[in-house]
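Understanding the architecture of this molecule
Here is how the chains run, residue by residue.
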Amino acid sequence: MEERRLFATEQVGGRAVYRFHAVTVFVGICLVLYYRATHVPAGSGAGRAAWLGMLAAELWLAFYWVITQAVRWSPVRRRTFKDRLAASMGITGNRSHTVQEADPKSEPPSLVIATVLSVMAYNYPAEKLSVYLSDDGGSILTFYALWEASAFAQHWLPFCKRYNIQPRSPAAYFSDSEKPHDLHILKEWSFIKGLYEAMTERIDSAAMSGEVPEQIRVKHKGFSEWNTGITSKDHQPIVQILINGKDSNAVDSEANVLPTLVYMAREKRPQYHHNFKAGAMNALIRVSSVISNSPIIMNVDCDMYSNNSDSIIDALCFFLDEEKGQKIGFVQYPQNYNNMTKNNIYGNSLNVINQVELSGLDSVGGPLYIGTGCFHRREILCGRRFAEGYKEDWDRRIKGKTQQSIDQIEETAKSLATCAYEQNTQWGNEIGVKYGCPVEDVITGLAIHCRGWESVYMNPPRAAFLGVGPTTLAQTILQHKRWSEGNFSIFLSKYCPFFFGHGKISLRHQMGYLTYGLWAPNSLPTLYYVTIPSLGLLKGTLLFPEITSRWIIPFIYISLVKNVYSLYEALLSGDTLRGWWNGQRMWMVKRITSYLYGVIDTIRKLLGLSMMGFVVTSKVSDEDESKRYEQEIMEFGTSSPEHVIISTIALLNLVCMVGGLSQTMTGVGHMPLNVFFIQVILCGLLVIINIPVYEAMFLRKDRGSIPLSVTLAATGFVTFALMVPII
């Protein structure tokens with residue numbers, strides 16, 4: 001029977017050691033909380049209030065630490081047997097199509113088509129593959145880029161498959177690969193590269209000018225959709241089949257069938273709420289149902305190109321497994337980036353999340369749906385509940401409709417992408433991707449799990465998808481603000497995993513969801529911890545046991561063991577030592593900015609003081625910013641409120657460290673060093689971790705340094721904090 005299995009599940013090693021570590025940390029946490037509760041200062045002064053605040057902060061952090069154990073207790077790895085799939089079943093009875101989403105304002109059209117071409121070139125029968133580009137900006141520039149890509153694909157796809165090249169994004173391939181030594185291959189390589197560079201030059205030229213030349217617009221009927229004055233927020237539905245895989249004439253340069261390629265821009269009108277990315281996904285689900293109706297839908301963001309041409313086969317190994325495949329609703333791949341610096345200056349590599357946490361979720365019911373790099377069964381996106389005995393109809397693709405003309409199919413598809421189509425329906429609620437949340441992907445995945453389906457996490461040695469991560473501090477803060485706000489809004493809604501998932505998914509699975517759902521409120525105890533102990537050091541308020549007290553042991557033990565294990569996890573996941581240190585800095589920065597704003601904005605929305613928005617993280621940086629990013633120099637440059645917060649915390653700790661040490665060394669205020677040992681260490685570490693901030697405030701002169709206005713504002717806030725008797 002094992003020989004018929006298409007995938008294997010393996011336990012990650014070292015769990016006994018981790019569990020022993022976790023138990024000892026838990027004991028240490030209990031001792032710390034006991035000490036806090038039994039050593040509250042007498043009286044009613046600021047010192048007592050500060051102590052109780054420390055107790056509240058540590059209670060929350062202890063609770064959150066317990067929550068995170070759900071994703072670390074028993075992680076698993078998945079391994080597929082692609083050879084068995086090909087040998088025993090073949091892939092001729094199955095059909096899959098891929099989905100892209102684009103916003104030309106934040107993602108250049110040339111980047112979008114590189115992703116499209118990479119998924120068109122999967123190791124999968126082309127006649128069973130349909131690729132859809134959802135252009136939520138409704139831009140003629142994106143349509144033009146896709147039209148160019150449809151012609152280039154005739155040469156690119158056979159080249160990829162003839163030489164089995166990886167990756168199959170031409171942008172990534174030609175930027176990374178060296179010239180082949182074989183003269184015959186070199187000639188073809190140079191020819192294909194020349195075609196690609198000429199195409200991208202035409203696309204970039206059109207993007208810079210903001211218009212498509214008239215001599216090109218007459219070459220395809222689709223350009224006529226932009227004959228009338230339309231905008232990104234006010235336009236009719238557009239569906240154009242650029243390559244019809246059912247057409248015998250739709251072949252590449254070697255007469256092989258090409259995948260179906262479709263451009264879609266759903267209708268947008270000012271009087272209709274368009275529901276952001278979720279609305280685009282739902283329109284695309286409906287449009288694809290009348291063109292291909294494939295049983296499997298893969299969606300990927302337009303900046304996440306396919307890096308592994310076999311990932312589609314890996315996914316099918318899970319769905320087609322005879323023993324466990326029927327209950328698998330979706331297969332999630334990790335979100336990896338190809339533009340991370342060696343030492344991960346902004347902590348954006350997500351290595352620990354990808355290598356540890358998602359593997360841990362995989363052992364308790366499955367990973368979250370993270371919005372990209374995911375293969376779904378079409379039926380689960382349409383609201384189907386899992387039932388014992390369920391069997392997928394793998395031959396459900398569109399049949400018997402070839403007599404319809406392309407124009408007829410396009411008109412039918414357009415009617416499904418109108419603003420009014422979803423009125424008085426369950427789309428966005430029981431059907432499709434859910435509405436009303438900035439992280440529509442997570443809430444949709446939770447609903448799928450609560451309908452009885454499981455998901456699996458696949459992290460192959462060769463990354464399935466690679467994309468462009470944030471390259472500035474502002475981009476990083478914005479991205480994590482959106483993520484933390486969205487996840488926290490789920491926690492405070494009817495979809496809170498503890499309530500919505502009660503009796504439907506396991507307690508550990510609920511806790512796994514809350515690992516991310518509680519990112520935002522972690523900002524409050526963190527903000528308290530990076531300010532109050534330092535102020536206490538300066539003002540002589542003791543908030544930790546003395547170095548001679550036995551109660552100092554659990555504090556030191558927890559700090560040392562948790563950080564050592566954090567370093568171990570990071571190194572095991574592929575980070576460097578300096579990368580781990582940068583990650584610790586960004587852990588603090590994100591909590592006091594992104595997550596803090598996530599809390600504030602979520603509460604404002606609950607009170608009706610603001611409306612939900614969706615901001616796409618821009619992947620475009622200027623030349624100077626890119627250079628500083630490659631040199632691993634932190635980018636500030638603007639007078640944003642987030643930069644004021646970061647500068648204020650850094651400056652406050654510097655002042656408290658200098659002032660506190662001067663008092664302990666001189667004996668002023670009777671503050672011996674051994675009494676304030678932990679506060680000195682904590683404040684000192686915060687000063688060291690903020691060295692790049694001090695450099696940007698006082699030493700750097702480049703455009704990415706901290707503006708004088710931010711430094712002055714931070715100085716004002718620090719002065720205020722020192723004058724007000726808050727401790």
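Residues numbered from 1 in each chain as written. Predicted model: local features only at pLDDT ≥ 70, side-chain atom pairs only at ≥ 80, totals over all residues. Heavy atoms only, no water.

Our next topic: the packing of aromatic side chains. A full pass over the atoms with the stated rule returns 38 aromatic pairs. Between Tyr 35 and Phe 555 the ring centres are 5.8 Å apart and the planes differ by 85°, which places this aromatic pair in the edge-to-face class. Taken together, the positions of Tyr 35 in helix H1 (residues 15–38) and Phe 555 in helix H20 (residues 552–572) put the pair 520 residues apart, joining distant regions of the chain. Through successive ring pairs, a cluster of aromatic residues spans Phe 152, Trp 156, Phe 159, Tyr 163, Tyr 173, Phe 174, Trp 189 and Tyr 196. (Phe/Tyr/Trp six-rings, centres within 6.5 Å; stacked < 30°, edge-to-face > 60°. Helix = DSSP H or I, 4+ residues; strand = E, 2+ residues; numbered from the N terminus.)

Turning our attention to the UniProt feature "transmembrane region" (unreviewed entry) in the protein. Feature annotation in UniProt places "transmembrane region" (unreviewed entry) on residues 20–37, 49–67, 513–531, 551–574, 595–616, 644–661, 673–694 and 706–726, given in this structure's numbering. Helix makes up 63% of residues 513–531 and strand 0%, whereas the separation of the span's terminal C-alpha atoms amounts to 29 Å. With 100% helix and 0% strand, residues 644–661 has its two end C-alpha atoms placed 25 Å apart. (UniProt positions renumbered as here; feature names shortened; annotations may be inferred.)

Geometry of a packed helix pair, given as the angle between the helix axes and the separation of the axes. The contact between helix H21 (residues 577–592) and helix H25 (residues 677–689) brings their axes to 10 Å, and the two run at 105°. Taken together, H21 and H25 sit at an angle that is classed as roughly perpendicular. In this structure, H21 contributes Trp 581, Gln 584, Arg 585 and Met 588 to the contact, and H25 contributes Leu 686, Ile 688 and Ile 689. Split into classes, the residues belonging to the contact of H21 with H25 amount to five nonpolar, one polar and one charged. (Axes fitted to C-alpha atoms, helices over the stretch in contact; angles between N-to-C directions. Parallel < 35°, antiparallel > 145°, perpendicular 65-115°, else oblique. Contact = heavy atoms within 4.5 Å. Nonpolar A, V, L, I, M, F, W, Y, C, P; charged D, E, K, R; others polar.)

The subject of this paragraph is the UniProt feature "binding site: UDP-alpha-D-glucose" (unreviewed entry) in the protein. Here the UniProt feature "binding site: UDP-alpha-D-glucose" (unreviewed entry) sits at Glu 107 and Asp 136. The greatest C-alpha distance among the residues just named is 11.6 Å, despite their covering 30 residues of sequence, which places them together in space. Counting through the fold element by element, Glu 107 comes out in the loop between strand S3 (96–102) and helix H4 (109–120). Take Glu 107: its relative accessible area is 5%, and that puts it in the buried class. Here Asp 136 is to be found in the loop between strand S4 (129–135) and helix H5 (140–163). Engagement of the side chain of Asp 136 in a polar contact is seen with the side chain of Arg 266, the distance being 2.8 Å. (Buried < 20%, exposed > 50% of the residue type's maximum accessible area, 1.4 Å probe, protein only. Polar contact = N/O pair within 3.5 Å; in protein donor to acceptor, adjacent residues only side chain to side chain.)

If you trace the backbone, Ser 523 turns up in helix H18 (residues 523–529). One polar contact links the side chain of Ser 523 to the main-chain carbonyl oxygen of Ala 520, over a distance of 2.7 Å. The residues touching Ser 523, leaving out its near neighbours within four places in the chain, are Arg 591, Tyr 595, Leu 596 and Val 599.

This next bit is on the pattern of salt bridges. Opposite charge on two side chains permits them to pair, given that their charged atoms come into close proximity. Per the stated rule, a full pass over the model turns up 34 salt bridges. Measuring nitrogen to oxygen at the nearest pair gives 2.7 Å for the salt bridge that ties Glu 410 to Lys 221. Note that Glu 410 is positioned in helix H13 (residues 406–415) and Lys 221 in the loop between helix H8 (214–217) and strand S5 (238–243), a separation of 189 residues in sequence. What emerges from the salt-bridge pattern is a single network uniting Lys 481, Glu 485, Asp 601, Arg 604 and Lys 605. (Salt bridge = Lys/Arg side-chain N within 4 Å of Asp/Glu carboxyl O.)

Turning next to the packing of helix H2 (residues 46–68) against helix H17 (residues 507–517). Here H2 crosses H17 at 130°, and the two axes come no closer than 8 Å. As far as their axial angle goes, H17 and H2 are oblique. In the packing of H2 onto H17, the handedness of the crossing is left-handed. Of the residues in H17, those in contact with Tyr 64, Val 66, Ile 67 and Thr 68 of H2 are Met 511, Leu 514 and Thr 515. Split into classes, the residues belonging to the contact of H2 with H17 amount to five nonpolar, two polar and no charged. (Left-handed = near helix turned anticlockwise from the far one by under 90°.)

Simply put, disulfide is the name for a covalent bond between the sulfur atoms of two cysteines. Per the stated rule, a full pass over the model turns up zero disulfides. Unpaired in terms of disulfides, Cys 374 finds its nearest cysteine sulfur in Cys 382, a separation of 14 Å. Accessibility expressed as a relative area gives 0% for Cys 374, which makes it buried. Counting only cysteine sulfurs, Cys 683 is the nearest neighbor of Cys 656, a cysteine outside any disulfide, at a range of 5.7 Å. Residue class for Cys 656 comes out buried when judged on its relative accessible area of 0%. (Disulfide = S-S within 2.5 Å.)

Counting 102 residues, the largest nonpolar core has Met 120, Tyr 122, Trp 156, Tyr 263, Val 331, Phe 375 and Phe 465 as its most contacted members. The biggest single contributor to this core is H5, with 14 residues. (Core = buried A, V, L, I, M, F, W, Y, C linked by side-chain atoms within 4.5 Å.)

Let us now look at the environment of Ile 67. For Ile 67, the location among the structural elements is in helix H2. The class of Ile 67 is buried, set by a relative accessible area of 3%. The spacing of Ile 67 and Leu 514 is 447 residues in sequence and 7.1 Å in space, taken between C-alpha atoms. Beyond its immediate stretch of four places on either side in the chain, Ile 67 contacts Phe 498, Met 511, Leu 514 and Thr 515.

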